[in-house]
Amino acid sequence: MTRVALAAFISIILMVAQATENMKLRTIKTIVKAIERPEGAGATVRRSIGVGQMRKFNPFLMFDHFSSAGTNGFPHHPHLGQETITLITKGAMAHEDFTGSKGILYAGDLQFMTAGRGIVHSEMPVQQEDGSPTVGLQLWVDLPQQLKETEPRYRDLREWEVPQVVEQDGKLKVKVISGKSYGVESVKDLAYTPVQYYHVTMKPGAKFEQDLPEDYNFFLYVMEGDGLVLNENSPVGQFDNAFLNRDGNHISGENTGQNDVEFILIGGEILDQHTVHYGPFVASNTPRIEKAFADFQYGRNGFENVKTWNSLISEGVTKEMIEGELDGNLEKREKTRQAYLQRNAKDEL
């Protein structure tokens with residue numbers, strides 16, 4: 001081998017070594033099995049953050065995989081000091097709050113709610129013709145200390161606004177809700193605390209890789225399937241939530257089973273702050289929690305609207321509500337979708 005060839009060979013070896021070092025896999029901290037439990041008024045949830053095995057996972061305070069049908073849901077209730085990210089995976093969910101915001105989320109839609117200094121809202125399922133339940137995911141994200149007393153706000157992200165990556169001849173699909181995956185970047189304002197969110201479907205034999213920012217905590221929750229193996233040696237089954245250590249910047253997975261696997265991978269920037277979480281309220285100290293309960297009870301300091309507000313949907317969602325005040329007409333929705341897709345097609349020309 002000539003000196004030139006030897007130098008080139010050594011350069012390649014060093015590049016490979018550097019690439020390997022730059023792609024260090026994150027190990028699994030723990031796996032929590034989400035057990036079904038009652039919640040709200042007749043609904044059920046599988047909770048894997050906010051339980052004994054994982055009280056919180058900075059900046060995340062709670063994570064539920066919920067199911068509700070008919071008039072069983074989450075009637076009016078308060079929040080303070082945190083944000084929620086809700087993804088509907090099956091069916092449809094109506095929502096409203098005492099600021100006047102209301103609407104319907106259909107499968108694939110997301111909503112981001114900032115409770116801030118205080119809000120009261122309702123979340124109720126839309127009855128399906130076949131009687132099937134509405135299913136979705138809700139994540140509670142801690143608000144940065146300086147924004148705990150911010151004004152409440154809502155933002156919706158419709159299914160067609162989420163780009164999807166299709167790889168490996170269709171065996172791997174990644175909805176990039178916020179972040180960057182396989183060259184597709186879609187950074188969305190999910191919360192005041194920066195969050196990355198990926199919704200992944202893998203057919204048997206599919207493989208998955210994802211870079212992870214080192215200052216984010218990440219977890220991976222499996223909604224469907226039992227064939228997922230992470231980092232070549234860690235099986236993660238249905239309803240398992242795998243919490244990752246911050247010892248690397250990469251994760252890999254493969255569907256080794258016979259059926260499809262569906263999971264979400266979520267990460268959030270770690271907050272350097274103390275948090276007290278009690279029921280629906282989140283604050284920096286216990287006196288603020290106590291004040292929140294009193295303010296809600298007496299309708300003051302951000303909860304004034306509770307005195308005059310009557311929930312439209314807390315006893316169930318009707319077709320008249322969908323076509324009227326909730327503005328959930330499916331034909332109108334499809335026109336909005338087509339207009340969005342046409343605008344995007346023109347922008348790409």
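Residues numbered from 1 in each chain as written. Predicted model: local features only at pLDDT ≥ 70, side-chain atom pairs only at ≥ 80, totals over all residues. Heavy atoms only, no water.

Q: Would you explain the overall build of the chain in this entry?
A: A tally of helices and strands in the chain yields four helices and 25 strands. Expected size for 349 residues packed as a compact globule is a radius of gyration near 20 Å; at 22 Å, the chain falls within 12% of this value. Principal axes of the C-alpha set define a box for the chain whose edges measure 85 × 50 × 40 Å. Sorting the 349 residues of the chain into buried and exposed places 48% on the buried side. Taking the contacts inside the chain whose residues are at least 6 apart along the sequence as the reference set, 72% of them involve residues at least 24 apart. Taken as a whole, the chain presents about 17,000 Å² of accessible surface, with 50% of it coming from carbon and sulfur. Considering the chain, the positive charge centre built from 36 side chains and the negative charge centre built from 47 side chains are found 2 Å apart. (Helix = DSSP H or I, 4+ residues; strand = E, 2+ residues; numbered from the N terminus. Rg over C-alpha atoms; globule rule 2.2 N^0.38 Å. Buried < 20%, exposed > 50% of the residue type's maximum accessible area, 1.4 Å probe, protein only. Contact = heavy atoms within 4.5 Å. Areas by Shrake-Rupley, 256 points an atom, 1.4 Å probe, with all protein chains shown as cover. Lys, Arg positive; Asp, Glu negative; His and termini not counted. Charge placed at Lys NZ, Arg CZ, Asp CG, Glu CD.)

Q: Can you help me understand the pairing of strand S16 (residues 195-202) in this one?
A: Both faces of the sheet carry side chains from a regular strand, because those side chains alternate between them. For S16, the buried fraction is high: seven of the eight residues fall into the buried class. The pairing of strand S14 (residues 172-181) with S16 spans six bridges and is classified as antiparallel. Counterpart to Val 176 in the pairing with S16 is Tyr 198. Direction of pairing for S16 relative to strand S23 (residues 261-269): antiparallel, over a ladder of eight bridges. Looking across to S23, one finds that Val 200 is bridged to Phe 263. (Pairing = 2+ DSSP bridges.)

Q: In this structure, what is going on with the sheet that holds strand S8 (residues 102-106)? I would like to understand it.
A: Neighbouring strands of a sheet are bound in pairs by backbone hydrogen bonds; such pairs are parallel or else antiparallel. Spatial ordering of the open sheet is given by S5-S10-S7-S8, a layout of four strands whose pairing is antiparallel. Each edge of the sheet is formed by a strand with only one pairing partner; in this case those strands are strand S5 (74-79) and S8. For this sheet the average axis-to-axis angle between neighbouring strands, irrespective of direction, equals 25°. Judged from the five bridges that link them, strand S7 (residues 92-97) and strand S10 (residues 119-125) form a sheet pairing that is antiparallel. Its bridge partner being in S10, Glu 96 is matched across the sheet by Ser 122. (Axes fitted to C-alpha atoms, helices over the stretch in contact; angles between N-to-C directions.)

Q: Before we go on, may I ask you to explain the nonpolar core in this structure?
A: Soluble, globular proteins show a tendency: their nonpolar side chains are buried together. Counting 28 residues, the largest nonpolar core has Phe 60, Phe 63, Ile 85, Tyr 197, Phe 219, Ile 264 and Ile 266 as the members making the most contacts within it. Listing elements by their share of this core, those giving two or more residues are strand S4 (60-68), strand S6 (82-90), strand S9 (110-114), strand S11 (134-142), S16, strand S18 (216-224) and S23. Not counting residues within four places of it along the chain, the set of residues in contact with Ile 264 comprises Phe 63, Leu 137, Tyr 197, Tyr 198, His 199, Phe 219, Leu 220, Tyr 221 and Met 223. Residues Val 165, Val 174, Tyr 198 and Leu 244 belong to the second largest nonpolar core, which totals 23 residues. (Core = buried A, V, L, I, M, F, W, Y, C linked by side-chain atoms within 4.5 Å.)

Q: Whenever I open this one, the UniProt feature "domain: Pirin N-terminal" (unreviewed entry) in the chain confuses me. Can you help?
A: As recorded in UniProt, the sites labelled "domain: Pirin N-terminal" (unreviewed entry) are residues 44-141. The span residues 44-141 carries 0% helix and 62% strand; its end-to-end C-alpha distance comes to 21 Å. (UniProt positions renumbered as here; feature names shortened; annotations may be inferred.)

Q: Teacher, can you tell me more about the UniProt feature "binding site: Fe cation" (unreviewed entry) in the chain here?
A: Under the UniProt annotation, "binding site: Fe cation" (unreviewed entry) lies at His 77, His 79, His 121 and Glu 123. Sequence-wise these annotated residues cover 47 residues; spatially they are packed, their C-alpha atoms never more than 12.8 Å apart. Lining the largest pocket, from the residues named above, are His 77, His 79 and Glu 123. Looking at the secondary structure, you find His 121 in strand S10. Judged by its relative accessible area of 1%, His 121 falls in the buried class. Dropping the residues within four chain positions of it, His 121 is found in contact with Pro 75, His 76, His 77, His 79, Glu 96, Asp 97, Met 113, Tyr 154 and Trp 309. Residue placement: Glu 123 occurs in strand S10. The class for Glu 123 is buried, based on a relative accessible area of 9%. Not counting residues up to four positions away in its chain, the partners in contact with Glu 123 are Gly 73, Phe 74, His 77, Thr 86, Met 93, Ala 94, Gln 138 and Ile 313. (1 Å grid on protein atoms, 1.4 Å probe; cavity = no way out; pocket = protein on both sides within 12 Å on 5 of 7 lines; lining within 4 Å.)

Q: Even after reading the chapter, I still don't get the layout of surface pockets, so can you show me in this structure?
A: Estimates place the volume of the largest pocket at around 550 Å³. For the lining of the largest pocket, the secondary-structure elements that each account for two or more residues are strand S3 (43-49), S4, S5, S7 and S11. Broken down by element, the residue count for the lining of the largest pocket peaks at five residues, all from S5. For the lining of the largest pocket, the class distribution of residues is eleven nonpolar, ten polar and six charged. Put simply, the second largest pocket is a space of about 380 Å³. Lining the second largest pocket are 15 residues; nearest its centre among them are Val 126, Gln 127, Lys 319, Ile 322 and Leu 330. Considering each element in turn, the lining of the second largest pocket owes the most residues, three residues, to helix H3 (residues 319-323). (Points joined across faces, edges and corners; volume = space filled by probe spheres on them. Nonpolar A, V, L, I, M, F, W, Y, C, P; charged D, E, K, R; others polar.)

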